[in-house]
Amino acid sequence: MAVYTEVDPDDLAALVARYDIGTVLSCKGIAEGVENSNFLLETTGGRFILTLYEKRVQASDLPFFVDLLGHLADQGCPVPAMIRDRNGEAIQQISGRAACIIQFLSGISLTHPTPAQCEAAGAALGAMHRAVASFPGARENSMGHLHWRGVAEATGDLDAVIPGLQAVVDTEFSWLDAHWPADLPAHVIHADLFPDNVLMLGNRVTGLIDFYFAATDYRAYDVAVTHASWTFSGDGAECDRQLARALMQGYAREITLTDAEIAALPLLARGASLRFLLTRAHDWVHTPADALVTRKDPAPFLNRLRRYQAADAASLFAA
Ligand SMILES: Nc1ncnc2c1ncn2[C@@H]1O[C@H](COP(=O)(O)OP(=O)(O)OP(=O)(O)O)[C@@H](O)[C@H]1O
Ligand SMILES: N[C@@H](CCO)C(=O)O
């Protein structure tokens with residue numbers, strides 16, 4: 001359960017009183033997620049998400065996220081609005097954290113998507129990329145490839161997480177440094193579109209959430225992150241080609257990748273695997289013992305990295 005910071009009931013009542021959303025009925029910690037503290041907030045005015053921003057979200061970035069979600073909603077993407085108080089403010093403070101009250105979207109996060117659901121997710125990612133092309137904002141990718149060494153160093157002894165991991169990571173850093181592309185199409189991307197960040201009802205996408213890693217980077221990197229998180233077995237060893245093809249076909253309905261982007265996908269997916277391997281390894285070591293959070297296992301992303309290193313990896317991206 002991702003609750004790092006508790007909320008005092010009186011402070012919550014005072015926060016909610018700033019808004020036209022009625023009075024508090026209940027506020028319960030949400031089981032999913034690892035990054036922020038999330039609560040399901042019910043008031044006499046409806047159902048909302050209360051998010052308190054933790055370690056990897058800088059409060060100074062929040063106006064960017066508010067603007068981005070506003071832009072995407074205006075373009076018809078199913079993203080949650082950040083609710084504004086009577087003074088027009090979306091960003092608040094509670095329990096010593098920056099916080100927002102966010103529109104609740106219906107839908108379920110999938111753990112075992114079908115090909116039709118992967119296709120819908122790919123299409124939703126593509127539609128989001130089309131919509132974001134006209135967004136004027138930009139943000140450096142603080143979880144982009146230039147920052148992965150810092151995550152590894154901050155983790156400490158990688159071999160204590162998975163024996164032999166340090167050597168694998170060092171070799172991969174060298175290879176990615178030598179081969180990372182210089183000039184693929186770039187704009188603001190989601191950068192973390194895992195199945196738990198997509199809400200669905202049946203085969204319909206009802207919500208794209210958790211934009212707190214959104215940043216300017218290669219759009220094909222976003223495809224690689226989504227491929228890595230939607231199309232593998234639970235242990236990360238096997239990529240399901242049917243799911244992968246469906247995801248790529250859904251995306252291709254909205255966006256035609258260039259030849260250079262298609263050629264770069266296996267490399268970008270290696271990078272994506274390394275990113276999540278490292279942040280999970282970091283959190284494996286550093287998550288506070290008293291936080292109500294289920295840490296995520298890094299090992300399945302080491303397996304994905306190995307799969308994307310294989311000679312036939314390009315075939316996993318066929319549409
Ligand atoms: N706008 C929303 N509408 C409905 N449910 C939501 C909304 N935002 C968040 N949730 C619920 O809260 C959970 C955690 O939210 P979120 O993914 O933003 O947390 P996180 O800690 O940032 O997660 P992650 O580990 O994916 O980075 C989601 O899986 C979803 O169940
Ligand atoms: N989606 C990520 C958490 C955000 O960094 C993971 O599953 O590791």
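Cut-off values and rules
Residues numbered from 1 in each chain as written. Chains lettered and ligands numbered in written order. Predicted model: local features only at pLDDT ≥ 70, side-chain atom pairs only at ≥ 80, totals over all residues. Helix = DSSP H or I, 4+ residues; strand = E, 2+ residues; numbered from the N terminus. Buried ≥ 20, exposed ≤ 12 C-beta atoms within 10 Å, placed from the backbone. Contact = placed C-beta atoms within 7 Å. Axes fitted to C-alpha atoms, helices over the stretch in contact; angles between N-to-C directions. Left-handed = near helix turned anticlockwise from the far one by under 90°. Nonpolar A, V, L, I, M, F, W, Y, C, P; charged D, E, K, R; others polar. Pairing = 2+ DSSP bridges. Domains from an automatic or database assignment. Near = placed C-beta within 6 Å. Arc of directions from axis to C-beta. UniProt positions renumbered as here; feature names shortened; annotations may be inferred.

This brings us to the overall build of the protein chain. Secondary structure assignment for the protein chain yields ten helices and ten strands. When its C-alpha atoms are laid out on the principal axes, the protein chain stretches across 60 × 45 × 35 Å. The burial tally for the protein chain puts 42% of its 319 residues in the buried class. The long-range share in the protein chain, meaning contacts at least 24 apart out of those at least 6 apart in sequence, stands at 75%.

Once that is clear, we can look at the packing of helix α3 (residues 115–132) against helix α8 (residues 241–254). The N-to-C vectors of α3 and α8 enclose an angle of 30°; their axes lie 7 Å apart at closest approach. Handedness of the α3/α8 crossing: right-handed. Between α3 and α8, the contacting residues are P115, C118, E119, A120, A121, G122, A123, L125, G126, A127, H129 and R130 on the first element and Q242, L243, A246, L247, M248, Q249, G250, Y251, R253 and E254 on the second. Taken together, the residues of the contact of α3 with α8 break down into twelve nonpolar, six polar and four charged.

We now examine the sheet that holds strand β6 (residues 108–109). Ordered in space as β6-β8-β9, the three strands form an open sheet in which the pairing is antiparallel. On the outer flanks of this sheet lie β6 and β9 (204–208), each paired with one strand and no other. In this sheet, β9 lies alongside strand β8 (residues 198–201) in antiparallel orientation, the contact comprising four bridges. Residue pairing for β9: L201 is matched across the bridge by R204.

Before going further, it helps to spend a moment on the environment of L165. Turning to its location among the elements, L165 is positioned in helix α6 (residues 165–179). Among the residues examined, L165 registers 21 C-beta atoms within 10 Å and is labelled buried. The spacing of L165 and L278 is 113 residues in sequence and 10.0 Å in space, taken between C-alpha atoms.

A few words on the domain arrangement of the protein chain. Taken as a whole, the protein chain is organised into domain 1 (9–103) and domain 2 (108–317). With centres defined by C-alpha atoms, the gap from domain 1 to domain 2 works out at 26 Å. Counting from both sides, the interface comprises 19 residues of domain 1 and, opposite them, 23 residues of domain 2. Counting residues per element, the side of domain 1 that touches domain 2 draws most heavily on helix α2 (residues 62–74), which supplies seven residues. Taken together, the residues that form the side of domain 1 that touches domain 2 break down as eleven nonpolar, four polar and four charged.

This next bit is on the site of ligand 1. By nearness alone, 23 residues border ligand 1, and E32, G33, E35, P80 and D210 come closest of all. Each of domain 1 (9–103) and domain 2 (108–317) contributes no fewer than three residues to the shell around ligand 1.

Moving on: helix α4 (residues 148–155). Within the sequence span of α4, burial applies to W148, V151, A152 and T155. Down the axis of α4, the smallest arc covering the buried residues is 100°, so these residues share one side. What points out from α4, more than 90 degrees from its buried face, is the exposed set E153 and A154. In this structure, the buried side of α4 is in contact with α5 (158–161), α6 and α9 (259–286).

Moving on: the UniProt feature "domain: Aminoglycoside phosphotransferase" (unreviewed entry) in the protein chain. Per the UniProt record, "domain: Aminoglycoside phosphotransferase" (unreviewed entry) is found at residues 27–253. Between the C-alpha atoms that bound residues 27–253 there is a distance of 40 Å. The span itself is 37% helix and 20% strand.

Glancing now at the site of ligand 2. The local shell around ligand 2 consists of V34, E35, D192, F194, F276, T279, R280 and K296. Among the residues forming the shell around ligand 2, the class breakdown is three nonpolar, one polar and four charged.

Regular strands show a simple pattern: their side chains alternate between the two faces of the sheet. Strand direction decides the pairing type here: β6 and β8, joined by two bridges, are antiparallel. Within β8, the residue paired with I108 across the bridge is M200.

The next thing to look at is the sheet that holds strand β4 (residues 92–94). The antiparallel open sheet is built from five strands, whose spatial order is β1-β2-β3-β5-β4. Edge positions in the open sheet fall to β1 (24–29) and β4, since each of these has one partner strand only. Going across the sheet, the axis of each strand differs from the next one's by a mean of 35°, ignoring polarity. Sheet topology note: the strand β2 (residues 37–43)/strand β3 (residues 46–52) ladder contains seven bridges and is antiparallel. In the strand pairing of β3, F39 is matched with L50.

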